[in-house]
Amino acid sequence: MRKSGFFVALALSAAVATPVAAQMDVEDQIETRQSTFTFAGWNMGKIKAQAIDGDVAYNQQQMLAAANSIAAVANSGLGALFGPGTAMDKNDNTKLKPEFFDKPEKAREVAIGFAKAANKLQEVASNGDKAALAAQFSEVGKSCKACHDAFRAE
C-alpha cells in the first residue's frame, strides 16, 4: 500500500472503530485489547516456529495466513481500545502505563511503526522467501518491543 493510502486507511479504521469502542465499557476495552494482542502473538509464534526456529516445517500458506492476521490486527483501529480509564492507574487487570495518555505522539508513532512493519510482513510472506520473512519478523518484533518499552509495565 502506498504511504498516502496507508495513512488514509489508518485514519479510516480509527474513525470507524471509535464509535464501536465508545459503546464498550472500560473492562471490555481492556479484555478486547488483550485478546487482540494474544491473537497477534499466537500468529507471531507460528512464524517463529517455522521461519526462525525450524521447529515446524515451513509452509508458505500458513505463513501468509499468520502475516495476514498480524496485519489485520495492526490495521484494525486498535487505538479505540485505549480509552480513558484503561490504564493500570485505574484498573488492576492491565499493564498499560498511564504515560500512554501523556504521550499521544509517541503512542501514535509506535502504532504506525507496528502497522508499517506488519504490512511489510504481509507483503514479504506473500513472496514465499523464508529468509526475508525471518528478517521482517524481526522488524515486527522490534515494533512490538518499542510499545512495550514505552507503555507496558512488567
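Scroll up to find the structure.
In this report, we go over the structure that sits alongside the text. (Residues numbered from 1 in each chain as written. Predicted model: local features only at pLDDT ≥ 70, side-chain atom pairs only at ≥ 80, totals over all residues. Heavy atoms only, no water.)

## Here's the deal with the packing of aromatic side chains
Counted according to the given criterion, the structure contains five aromatic pairs. Each ring, one from Phe-39 and one from Trp-42, has its centre 6.2 Å from the other, and the planes form 35°; the classification is tilted. Here the residue Phe-39 and the residue Trp-42 both occupy positions in helix H2 (residues 26-52), the gap between them amounting to three residues, near one helical turn. An angle of 80° between the planes, with centres 5.3 Å apart, marks the rings of Phe-100 and Phe-151 as edge-to-face. Taken together, the residues span a long stretch of sequence, with Phe-100 in helix H4 (residues 99-102) and Phe-151 in helix H6 (residues 130-151) at a distance of 51 residues. A relative accessible area of 15% means that Phe-100 is categorised as buried. For Phe-151, a relative accessible area of 2% puts it in the buried group. A network of ring pairs unites the aromatic residues Phe-37, Phe-82, Phe-100, Phe-101 and Phe-151 as a single cluster. Between Arg-33 and the ring centre of Phe-82, over which it is positioned, the NZ or CZ distance is 4.5 Å. The aromatic ring of Trp-42 is capped on one face by Lys-46, whose charged end is 4.0 Å from the ring centroid. (Phe/Tyr/Trp six-rings, centres within 6.5 Å; stacked < 30°, edge-to-face > 60°. Helix = DSSP H or I, 4+ residues; strand = E, 2+ residues; numbered from the N terminus. Buried < 20%, exposed > 50% of the residue type's maximum accessible area, 1.4 Å probe, protein only. Lys NZ or Arg CZ within 6 Å of the ring centre and 35° of its normal.)

## Points about a negative patch on the surface
On the surface, a cluster of negative charge is made up of Asp-25, Glu-27, Asp-28 and Glu-31. Among the structural elements, Asp-28 can be located in helix H2. A relative accessible area of 35% places Asp-28 in the partly exposed class. (Patch = residues over 30% accessible without salt bridge, like charges linked within 9 Å, V, L, I, M, F, W, Y side chains within 5 Å. Areas by Shrake-Rupley, 256 points an atom, 1.4 Å probe, with all protein chains shown as cover. Salt bridge = Lys/Arg side-chain N within 4 Å of Asp/Glu carboxyl O. Lys, Arg positive; Asp, Glu negative; His and termini not counted. Charge placed at Lys NZ, Arg CZ, Asp CG, Glu CD.)

## Brief notes about the pattern of salt bridges
The full count for this structure, using the stated rule, is six salt bridges. Lys-120 is the partner of Glu-123 in a salt bridge, and the nearest nitrogen-oxygen pair spans 3.6 Å. Here the residue Glu-123 and the residue Lys-120 both occupy positions in helix H5 (residues 104-127), the gap between them amounting to three residues, near one helical turn. You can call Glu-123 partly exposed: its relative accessible area is 42%. By relative accessible area, Lys-120 is classed as partly exposed at 37%. Between Asp-149 and Lys-145 there is a salt bridge, and its shortest N-O distance comes to 2.7 Å. In this pair, Asp-149 and Lys-145 both sit in helix H6, four residues apart, roughly one turn of the helix.

It is worth stressing that arrangement in space is one thing and function is another; only the former is reported here.
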